[in-house]
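Inside the fold
Each chain, written out:
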Amino acid sequence: MCVTCSDEAVPVTVLALGDDGLARVDNGRGVEEVSVALVDAAVGDVVLVHAKEAIARLGPAGAPAPSPVDR
């Protein structure tokens, strides 16, 4: 949860990467464009997005979630 605005980051799947640091992502309700300048994302990756900025890479879509010990 963001300490500034109290929103939560949402997981999205990267559909396409642009040369400008932006990506088209599927958020489960549709497709949107977000910045991936802060993460090393690839097509098919799941990233956490907050305020249209990817803030963490969770891994490829369909991969098991890391355990709390691994984080």
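Structure: above.
Read on for an overview of the structure. (Residues numbered from 1 in each chain as written. Predicted model: local features only at pLDDT ≥ 70, side-chain atom pairs only at ≥ 80, totals over all residues. Heavy atoms only, no water.)

**Remarks on the overall build of the protein**
Going by this rule: Each helix corresponds to a stretch of at least 4 residues labelled H or I by DSSP, and each strand to a stretch of at least 2 residues labelled E; elements are numbered beginning at the N terminus. Each residue's exposure class comes from its accessible area (1.4 Å probe, protein chains only) as a fraction of the maximum for that residue type: buried when under 20%, exposed when over 50%, partly exposed otherwise. Whether two residues touch is decided by their heavy atoms; if any such pair falls within 4.5 Å, the residues are in contact. For every accessible area listed, the method is Shrake-Rupley and the probe measures 1.4 Å; residues are considered covered only by the protein chains on display.
Summing up its helical and strand segments, the protein has 0 helices and 5 strands in all. Each helix and strand of the protein, placed in order from N terminus to C terminus, yields the pattern β-β-β-β-β. Burial analysis of the protein (71 residues in total) assigns 25% to the buried set. Counted over contacts in the protein with a minimum sequence separation of 6, partners at least 24 positions apart contribute 31%. Counting every atom, the protein has about 4800 Å² of accessible surface; 54% of that belongs to carbon and sulfur.

**Concerning the pairing of strand S2 (residues 22-26)**
The following threshold applies: Each pair of strands is called paired provided DSSP finds at least two bridges between the two strands.
By the alternation rule, side chains of S2 split into Ala23 and Val25, which are all buried, and Leu22, Arg24 and Asp26, of which none is buried. Judged from the 4 bridges that link them, strand S1 (residues 10-17) and S2 form a sheet pairing that is antiparallel. Counterpart to leucine 17 in the pairing with S2 is alanine 23. In this antiparallel pair of consecutive strands, S1 and S2, the connection spans 4 residues, and glycine 21 shows a positive phi of 80 degrees. As judged from the 5 bridges shared by S2 and strand S3 (residues 31-35), these two strands associate in the antiparallel manner. In the sheet register, valine 25 faces S3, and the bridge partner there is glutamate 32. Linking S2 back to S3 in an antiparallel pair, the connection comprises 4 residues, with glycine 28 at a positive phi of about 90 degrees.

**Thoughts on the environment of proline 11**
Looking at the secondary structure, you find proline 11 in strand S1. In this structure the C-alpha to C-alpha distance between proline 11 and leucine 58, which are 47 residues apart in sequence, comes to 8.3 Å. Residues within four places of proline 11 in sequence aside, it is in contact with Val46, Val47, Leu48 and Leu58.

**Some points on unusual backbone geometry**
A positive phi angle, close to 55 degrees, is found at alanine 51, a residue other than glycine. In this structure, alanine 51 sits in the loop between strand S4 (45-50) and strand S5 (53-60). In the Ramachandran plot, lysine 52 falls in the positive-phi region, its phi being about 65 degrees despite a non-glycine side chain. In this fold, lysine 52 is placed in the loop between S4 and S5.

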